[in-house]
Amino acid sequence: MLFALVCKDKPDHLQVRLDNRPAHLEFLRKLNDAGKLKFAGPFLDDEGKSTGTLAVIEAADKLEAAKISADDPYAKAGLFESVSIRAWTWVFNNPANPSNP
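In this numbering scheme, every chain counts its residues from 1 along its sequence in written order. The predicted nature of this model means local features are confined to residues of pLDDT at least 70 and side-chain atom pairs, given and counted, to a pLDDT of 80 or more, with totals for whole chains, interfaces and linings taken over all residues. The side-chain values count all of the structure's non-hydrogen atoms but skip hydrogen atoms and water molecules.

Caption draft 1: Highlighting the nonpolar core. By nonpolar core is meant a set of buried Ala, Val, Leu, Ile, Met, Phe, Trp, Tyr and Cys residues that side-chain atoms within 4.5 Å join together. Exposure classes here rest on a 1.4 Å probe applied to the protein chains alone. A residue is buried below 20% of its type maximum, exposed above 50%, and partly exposed in between. Among the nonpolar cores identified, the biggest contains 16 residues, and Phe-3, Leu-5, Leu-31, Ile-57, Ala-65 and Ile-68 are the most heavily contacted of them. Secondary structure elements with two or more residues in this core: β1 (2-9), α1 (14-33), β3 (50-58), α2 (62-71) and β4 (80-88). In this description, contact between two residues means that some pair of their heavy atoms is separated by no more than 4.5 Å. Contacts of Leu-5, omitting those with residues within four sequence positions, involve Thr-53, Leu-54, Ala-55, Ile-57, Ala-65, Ser-69, Ser-84 and Ile-85. Elements are defined by DSSP. Helices are runs of H or I of four residues or more, strands are runs of E of two residues or more, and each kind is numbered from the N terminus.

Shown next, in the form of structure tokens:
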């Protein structure tokens, strides 16, 4: 099952993001290598600065998705003001199902 992780950074925490970015990217690489990461990237403000994260992951259930989210170095560093974990279905442009409805 797919889950969207919608993470909002705490205000004035850009340096925390920058300091932990290498570990975060390595974490995402490992998820990707395990076939659990579908896509990910930062939300940007009007000036192009990162303000949060969107990641879609595959997990058995919401509990596993929450565990994965909590293991992110950004989460461990206290970057996020909020994290929403929502079950999600990939309908259009899904490379695993190229015959869209």
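Caption draft 2: Broad picture of the pattern of salt bridges. Whenever Lys or Arg places a side-chain nitrogen within 4 Å of a carboxyl oxygen from Asp or Glu, that contact is recorded as a salt bridge. Following the criterion strictly, the structure yields seven salt bridges and no others. Taking the shortest distance from any N to any O, the salt bridge between Glu-58 and Lys-38 comes out at 3.2 Å. In this pair, Glu-58 sits in strand β3 while Lys-38 sits in strand β2 (residues 37-44), placing the two residues 20 residues apart along the sequence. Using a relative accessible area of 33% as the deciding quantity, one classes Glu-58 as partly exposed. The partner of Lys-49 in a salt bridge is Glu-47, and the shortest N-O contact between them spans 3.8 Å.

Caption draft 3: Quick look at the environment of Asp-9. Following the sequence through the fold, Asp-9 ends up in strand β1. Setting aside residues up to four positions removed in sequence, Asp-9 forms contacts with Arg-17, Ser-50, Thr-51, Gly-52, Leu-79, Phe-80 and Glu-81.

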